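Observations on chain architecture
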Amino acid sequence: PFQEETKNGQKGDIGIEYLLNDDIYISWFPLHDGPYQIPSIEDKEEDEKVFLNDRQVLSMFWADWGRWFKYQPLNRVRIYFGDTVAMYFAWLGFYTKLLIFPAIVGTLVFAYDVYSVFNNEVISDVCTSLHSNHTWICSACDLCTVEPLAMYCISTYIANAFNNGGSVFFAVFISFWSAFFLEFWKRYQITLAFLWSKADFKENQEPARPEYAVTCEEDDVRYNPITLRWEPYREQSILKTMTAITVVIITVVVVIITLISIIIYKIAVYTMFQKVSGGNLKPYAQSIASVSGSILQLVAITVLSQVYAWLAEKITLWENYRTETEYQNNLTVKRFIFEFFNYYGSCFYIAFFKGNFAGYPGNYTRLFGIRLDTCGPGGCLGELAENLAIIFLGKQILNNIQELLIPVIKTWWSRKKYNKYQGGRDDKEAIAISMTTPWESDNDLAVQENLFPEYLEMVIQYGFATMFVVAFPVAPLFALLNNIVEIRLDAKKYTELFKRPIPVNCMSIGIWYTILDYMASIAIITNAFVIAFTSDFISQVLWKFDRNDSLAGYVAGHLSVFPEGDCKYWDYRDEHGKPDTYWWKLKAVQFIFVVVFEHFVFSVVRMIDLLIPDIPEKLEALIHLEDSFAREMMKEVIEIDLEKLEEMRNRVAIKKRQRLKYT
């Protein structure tokens, strides 16, 4: 009957979903233990005891904002909400605790960066030198005019704040920190799985999803050697898999098209502000275009993320995976690939593409007839820092607002839906029922179907705190402050605003660990390329090496002349536009730095992985001890069974002899 069409037009619904769509049931969920509000002791007798339910205990000692510096009661969380929720909060607490170290180091590096700009010769040459107002820079767009070098003072300040050895040190530090974080979390995760008796949980023990089982034919079965049972099984459809991959590729292309649109918008805004107000806004044209473009990018990211979340869920349901773990893993991969391009696409463009493929005066590269935008003197590091700050901080603010508002909106919608089921009951009867039955009060709460949004938010944040950290060293600090709020905010949602989730077995954070591991490797590569190619750190070091540790004449030496326009541009070319000898020398040093940096960091990270055992020594001893006890108990059981078998055989032999005696 589950394959029949329901009266509401839904076909193929399984089990409880079929009954819900037929309005036989309104909802289904585990009940909370009672209200979360703490009872008042004013009306109690002096000797009368006040007992708190588990929900009130968690609300008082875990979800309270004043407990932000306290350890989380993970065992109570696990008992009340289940393994998956407890494992998420264990990971979030562990990640937040370890963020303290990069937050402190990043803040110190940022303070050093700010201090360094006051004695920077490059900034002095661009902003305060006599020739800066008489050195004309070629136009940054087709409709723009030449500008004095001093117009790029603000962007030069921002970019050169990070062109120092502190950025290299912090890039190396954050790479090592990521390795230690993942290794120690792996140890902590295994310890929790052992303490929660989940260390021996296997995915083969997981039953098939009802949606999957009902689509299998009678001969679509296989024998499970773990559960010793026959279970529904059939090969995954290649057509469905290829279709899903195609959808993911199309959505990534949509993200790229959106990014191109933002680039065109920035060019248009820059051109417009070059012309308005008689040129009074020229010094701020680049900053206005960059900031407004980043804000628009943040809005586009938020909208596209919501649309793709719906699309990815529909596609994964259509693929129909066998177990809940397979379903969640494939949904996670689809959404994360999209979100990776969605959130980090603009950062990759600014860091590695903008300016590098724009061409030079007299030979500009064009897209759909529009000239590509370029970076000013000093490179794109300043714009990358602005973009990171807006998207990273804006994302955190929007997520916190959503986490507060969405449960409230869902609760309002749930109450509105519930009103239609009251039928002929008058208001007093409905109010009396809702006040006296816990299932009516819990029904008004919002539903958190899974932990994917929570993990995705934190993993995206982890990417911002590790990748491109050279351009925004205070990212770990803002991540730490956000997570201190996030832990209590999520705890409050689960104890007060959400229905109680269905407990699910788990022994780890699943595929999210693999994603974090890949992101740590990507962070090493991106930071190496940002230092070498996006910033001017290598260029300045090479200049100092050739000129007795001095940056004198650095700006003038890095401005190439365009004879036809009587202006200069930031590059290393001769009068005919061909790269000069210094350009080839610089590129060689930059590539050597990337290779040395990556090999050194990856080697140390690999060494950390090998030196730190996955299982703590004490835990390994406990596991061996437990296995020994299990073998001894099994041996005793077998011996008892053998004794009983021998005793039974003796009884049978005695009875046979007695029969023979009387026959």
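Overview of the structure. Everything quoted here is computed from the prediction, not taken from an experiment.

Applying the stated criterion across every chain, the model contains 15 salt bridges. In this structure, glutamate 383 and lysine 354 form a salt bridge, with 2.3 Å as the shortest nitrogen-oxygen distance. Of this pair, glutamate 383 sits in helix α13 (residues 381-419) while lysine 354 sits in the loop between α12 (324-353) and β5 (359-360), placing them 29 residues apart in sequence. Residues glutamate 383 and lysine 354 agree in their burial class; the two are buried.

Before going further, it helps to examine the side chain of asparagine 527. Checked against the element boundaries, asparagine 527 lands in helix α18 (residues 511-534). With a relative accessible area of 0%, asparagine 527 lands in the buried category. Of note is the side chain of asparagine 527, whose polar atom sits 3.3 Å from the backbone nitrogen of valine 469. When near neighbours in sequence (up to four residues on either side) are disregarded, asparagine 527 contacts Ala171, Ile174, Thr466, Met467, Phe468, Val469 and Val470.

Structurally, asparagine 443 can be placed in helix α15 (residues 438-443). Once the C-alpha coordinates of asparagine 443 and serine 27 are considered, the two residues, 416 residues apart in sequence, prove to be 7.3 Å apart.

This brings us to the packing of aromatic side chains. In total, this model carries 47 aromatic pairs according to the counting rule given. Geometrically, the ring pair formed by phenylalanine 340 and tyrosine 344 is edge-to-face, given 5.0 Å between the ring centres and 70 degrees between the ring planes. Residue phenylalanine 340 and its partner tyrosine 344 are located together in helix α12, separated by four residues, close to a single helical turn. Accessibility classification places phenylalanine 340 together with tyrosine 344 in one group, the buried group. Against the face of phenylalanine 29 rests lysine 499, its NZ or CZ located 5.3 Å from the ring centre.

Moving on, we get to the packing of helix α19 (residues 537-546) against helix α21 (residues 581-611). Running from N to C, α19 and α21 point in directions that differ by 115 degrees, and their axes come no closer than 10 Å. You can see that α19 and α21 cross each other, and the crossing is right-handed. Contact with α19, carried on its side by Ile538, Ser539, Leu542, Trp543 and Asp546, involves Tyr582, Lys585, Leu586, Val589, Gln590 and Phe593 of α21 and no other residues of that element.

Of all hydrophobic cores here, the largest spans 131 residues; its most connected members are Trp91 and Leu384. Filtering out sequence-adjacent residues up to four positions away, leucine 384 remains in contact with Cys347, Ile350, Ala351, Phe468, Ala471, Val530 and Thr534. Among the nonpolar cores identified, the runner-up in size contains 10 residues, and Val248, Val252, Leu331 and Phe338 belong to it.

Attention shifts here to helix α8 (residues 165-195). Working note: α-helix, 3.6 residues per turn, so residues spaced by three or four point in the same direction. Taking 1.5 Å of rise per residue, 31 residues should cover 45 Å, and α8 covers 45 Å from first to last C-alpha, within 8% of that figure. Once α8 ends, the next one or two residues include serine 197, with phi positive near 60 degrees.

Moving on, we come to the state of the cysteines. Two cysteines joined by a covalent bond between their sulfur atoms form a disulfide. By the definition in use, this model includes one disulfide. Here cysteine 138 pairs with cysteine 567 through a disulfide, and the sulfurs are 2.0 Å apart. Torsion about the S-S bond of the cysteine 138 and cysteine 567 cystine: about 95 degrees, corresponding to right-handed handedness. With cysteine 138 in the loop between β1 (136-137) and β2 (147-148) and cysteine 567 in strand β10 (residues 567-570), this residue pair connects regions lying 429 residues apart in the sequence. Both residues of the pair, cysteine 138 and cysteine 567, belong to the buried class.

Cut-off values and rules
Residues numbered from 1 in each chain as written. Predicted model: local features only at pLDDT ≥ 70, side-chain atom pairs only at ≥ 80, totals over all residues. Heavy atoms only, no water. Salt bridge = Lys/Arg side-chain N within 4 Å of Asp/Glu carboxyl O. Helix = DSSP H or I, 4+ residues; strand = E, 2+ residues; numbered from the N terminus. Buried < 20%, exposed > 50% of the residue type's maximum accessible area, 1.4 Å probe, protein only. Polar contact = N/O pair within 3.5 Å; in protein donor to acceptor, adjacent residues only side chain to side chain. Contact = heavy atoms within 4.5 Å. Phe/Tyr/Trp six-rings, centres within 6.5 Å; stacked < 30°, edge-to-face > 60°. Lys NZ or Arg CZ within 6 Å of the ring centre and 35° of its normal. Axes fitted to C-alpha atoms, helices over the stretch in contact; angles between N-to-C directions. Left-handed = near helix turned anticlockwise from the far one by under 90°. Core = buried A, V, L, I, M, F, W, Y, C linked by side-chain atoms within 4.5 Å. Expected span 1.5 Å × (residues − 1). Disulfide = S-S within 2.5 Å.

As far as function goes, none of this settles anything; it's purely spatial.
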